[in-house]
Amino acid sequence: SFADKADRLGITRSDYMLNNNNNAASGDDDGAKYEIKQVELNTIAASFAGLSTRVANLHRQFRQAVVPGSTTGQVPINPALEKLPLAFHTAHKQYKQRFNDDNGAGDKKKDIVVLMVVQEGETNTVDQRMLEFALWENHAIPVVRMSLTKLFHNARVDQETGALLVKTDNDDDDNDATTEVEVSIVYFRAGYAPTDYPDGYNDGKEWLARERIENSRATKCPTLGYHLAGTKKVQQELARPGTLERFFSGNDEVESVGGMRGAFAGLYSLAQADATKEDMDAVRDVLNGNFGSYVLKPQREGGGYNFYGQDLLEKVRKNIIHSNNDDGGGGDFTLGEELAELILMQRLFPPQQKAILLRGGQVEGTGDTISELGCFGGILVAADGTVLHNEFCGFLLRTKFSNVDEGGVASGFATLSSPYLCE
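Everything in this summary refers to the structure shown in the same document. All values derive from a computational prediction rather than experimental measurement.

On to the pairing of strand β13 (residues 342-346). The buried count for β13 comes to four of five residues, which makes it a mostly enclosed element. Summarising the sheet, strand β9 (residues 267-269) and β13 pair through three bridges and their orientation is antiparallel. By the bridge assignment, Ser269 is partnered in β13 with Ile343. In this structure, strand β10 (residues 294-298) lies alongside β13, joined through five bridges in antiparallel fashion. Each residue of the ladder has a partner; that of Lys297, found in β13, is Ile343.

What follows is the structure in C-alpha cells.
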C-alpha cells in the first residue's frame, strides 16, 4: 500500500519529575533523596516548544536586569525552535528526494508543504504559529493549517502515486488541480481527543479524513504506531521486567537498560487478563488505605482526567468484584472491565519551592510549587526502518502549586517556567 512507503517522523516530549522516595507526601525535604522519574511520553501534539523558548529568554533577561553584573548562563538557552524545525526539514528533504519524480513537471509541478492538522477553534495558535514561522524563516518550508473536518472536503490521495493532495482554498465543490499542494509531512496537533471526531467514528467526516491521510505516502507525525506508543498502557507494558531487553539486547546495552528502568515509576496494569501478582498487590495497597501513593490514569492526552486520593479509591472500589464477600481489601477479587481502560501509577513527590505564578498577565498567587521537566526529541525513521535523524530538541518546564493534583498548561493547571542551574 502507499502507506508502506511512508517515512515516520516523531516529535516527542518525555516528561520527568524528581521524586522523594524517603519522605513521600510529608513535604519534608530535609535529607531527602531524590531520583528522576518519568511521568509520561507524549508522542502526539507535544506542545509549548515555541512559547517555552520565549519564557527562557525572558528569564535570562530578567536575571541580568535584577542582579547587576550577573551572567545569563544559569538559565540555559532553549534550542527548541531551532532543533524541531531541523527535524521537520530533514523529513521534508527526504520526502522530496524520494518522490520528486512523481510531482509533475513544469507548470504542473505542485508546491510541497507541511500540513498542520489543528482543532476547530484552536486556542493554542501562538505556540503553533511560532513553529510554523520558524519552518519558513529557517528552511523556507510553507505550512498549511487545516482541521480534520475541512480536510474531509479538501484532501485526496492520488491513486497512482499515493501523494496526499490538499486544496488550499475553500471551494469544496470543484477539485481544481491548480489550487492543490502536495503534502510532505502531516503534523498532527489534533486527532488525539474524542472531541476531534464530532461526526462519529467509522463513517464520520473527521474519521474518514484521518483514514485518507493514513493511507497516503506522506510522512506522518506521528504515525499510528507512534501515536499508540504514547498511551499509558504501552508505557506500563514497557516497564514490565524483560521488556526493554527485547529492544536493547546487546552486551554493551545492559547498562543503558538499567538506567532507563531506573527512571520508570511504578506502573501497574488494571486489566484482569494480564494483571500480575505485583499489579494485584498494588490494588490491594490502594484498598488497604495507601491510595495517596498512587495516581489512576486513563488513555487520554492533556490534563484533567486523572484520579487522585479518595476519588481514586472510590473508582477502584466500584469496579472490583470480591469473591469472598470481603470488601476490606484483604480477600481475593477480580478487576472489573472498566478498570482495564486505566493504569495505576506510583505517585511522585517532587521537591517544593516558593514561587510567584502569573497567568494572563496577572499574579495568580504565591506559595509552594512543584515542577515538571519535559525534554523534546525529534526522530526520523525511513520506510525500511533506518534511523535518519535522532536528536534532543530542547526543553519545557512547567510549574504549579503543590496542592494542585493535575498538570497541563493549556488545561489551566500549570504555568510555563525555566530551569535555573545551580552548582
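Quick look at the sheet that holds β13 now. Across the sheet, which stays open at both edges, the three strands sit in the order β9-β13-β10 with antiparallel pairing between neighbours. Strands with a single pairing partner mark the edges of an open sheet, and in this sheet they are β9 and β10. Adjacent strand axes in the sheet meet at a mean angle of 30° when their direction is disregarded. Relative to β9, helix α10 (residues 277-290) is tilted by about 100°, and along the sheet it contacts β9, β10 and β13. In this fold helix α11 (residues 309-318) packs onto β10 and β13, with an angle of close to 65° to the strand it touches most, β10.

We now examine the side chain of Ser269. Its place among the elements puts Ser269 in strand β9. In contact with Ser269, not counting residues within four places along its chain, are Lys233, Gln236, Arg240, Asp274, Ala275, Asp279 and Leu335.

Once that is clear, we can look at the state of the cysteines. Here a disulfide denotes a covalent bond joining the sulfur atom of one cysteine to the sulfur atom of another. With the rule as written, the count across this model stands at zero disulfides. Looking at Cys221, it has no disulfide partner, and the nearest cysteine sulfur is the one in Cys393, 11 Å off. A residue is classified by how much of its surface remains accessible, and Cys221, at 1% relative accessible area, is buried. Left without a disulfide partner, Cys422 is nearest to the cysteine sulfur of Cys375, which lies 17 Å away. Residue classification places Cys422 among the exposed residues on the basis of a relative accessible area of 62%.

Structurally, Pro419 is set in the segment after β17 (415-417). With 345 residues separating them along the chain, Pro419 and Gln74 place their C-alpha atoms 8.2 Å apart.

Turning to the packing of α10 against α11, a few remarks are in order. Where α10 meets α11, the axes come as close as 10 Å, and the angle between the chain directions of the two elements is 115°. In this structure, the crossing between α10 and α11 has a hand that is left-handed. Note on element contacts: α11 touches α10 through Leu312, Leu313, Val316 and Arg317, opposite Val283, Val286 and Leu287. Split by residue class, the contact of α10 with α11 holds six nonpolar, no polar and one charged.

The subject of this paragraph is unusual backbone geometry. For residues other than glycine, phi is negative in most cases, and the peptide bonds are mostly trans. Here the residue pair Cys221 and Pro222 is connected by a cis peptide bond, since its omega of 5° sits within 30 degrees of zero. Relative to the helices and strands, Pro222 is located in the loop between β8 (219-221) and α6 (224-229). Even without a glycine there, the phi angle at Ala140 is positive, about 55°. Assignment of secondary structure puts Ala140 in the loop between α3 (125-139) and β4 (143-146).

Let's shift gears to the environment of Thr223. Among the structural elements, Thr223 can be located in the loop between β8 and α6. Residue classification places Thr223 among the buried positions, given a relative accessible area of 13%.

What follows covers the packing of aromatic side chains. Counted according to the given criterion, the structure contains six aromatic pairs. Their ring planes at 75° and their centres at 4.9 Å tell us that Phe88 and Tyr187 sit as a pair that is edge-to-face. Of this pair, Phe88 sits in helix α2 (residues 80-99) while Tyr187 is found in strand β7 (residues 180-188), placing the two residues 99 residues apart along the sequence. Between Tyr197 and Tyr201 the ring centres are 6.0 Å apart and the planes differ by 50°, which places this aromatic pair in the tilted class. For Tyr197, a relative accessible area of 8% translates into the label buried. Note on Tyr201: relative accessible area 42%, which makes it partly exposed.

Here we come to the nonpolar core. In terms of nonpolar packing, the biggest core is built from 26 residues, with Leu9, Ile11, Leu84, Phe88, Ile185, Tyr187 and Phe376 touching the most fellow members. Elements with a minimum of two residues in this core: β1 (8-20), α2, β3 (112-117), α3, β7, β15 (362-381) and β16 (387-401). Residues contacting Leu9, with those up to four places away along its chain left out, are Ala87, Phe88, Ala91, Ile185, Thr219, Lys220, Cys221, Pro222, Tyr226, Ile379 and Leu380. Formed by 22 residues, the second largest nonpolar core is a distinct cluster that contains Leu151, Val157, Val181 and Ala190.

Position of Ala229 relative to the elements: it lies in helix α6. Using a relative accessible area of 32% as the deciding quantity, one classes Ala229 as partly exposed. With 223 residues separating them along the chain, Ala229 and Ala6 place their C-alpha atoms 18 Å apart. When sequence neighbours within four positions are dropped, the list of residues in contact with Ala229 reads Thr43 and Val234.

What counts, and where the lines are drawn
- Residues numbered from 1 in each chain as written.
- Predicted model: local features only at pLDDT ≥ 70, side-chain atom pairs only at ≥ 80, totals over all residues.
- Heavy atoms only, no water.
- Buried < 20%, exposed > 50% of the residue type's maximum accessible area, 1.4 Å probe, protein only.
- Helix = DSSP H or I, 4+ residues; strand = E, 2+ residues; numbered from the N terminus.
- Pairing = 2+ DSSP bridges.
- Axes fitted to C-alpha atoms, helices over the stretch in contact; angles between N-to-C directions.
- Contact = heavy atoms within 4.5 Å.
- Disulfide = S-S within 2.5 Å.
- Left-handed = near helix turned anticlockwise from the far one by under 90°.
- Nonpolar A, V, L, I, M, F, W, Y, C, P; charged D, E, K, R; others polar.
- Phe/Tyr/Trp six-rings, centres within 6.5 Å; stacked < 30°, edge-to-face > 60°.
- Core = buried A, V, L, I, M, F, W, Y, C linked by side-chain atoms within 4.5 Å.

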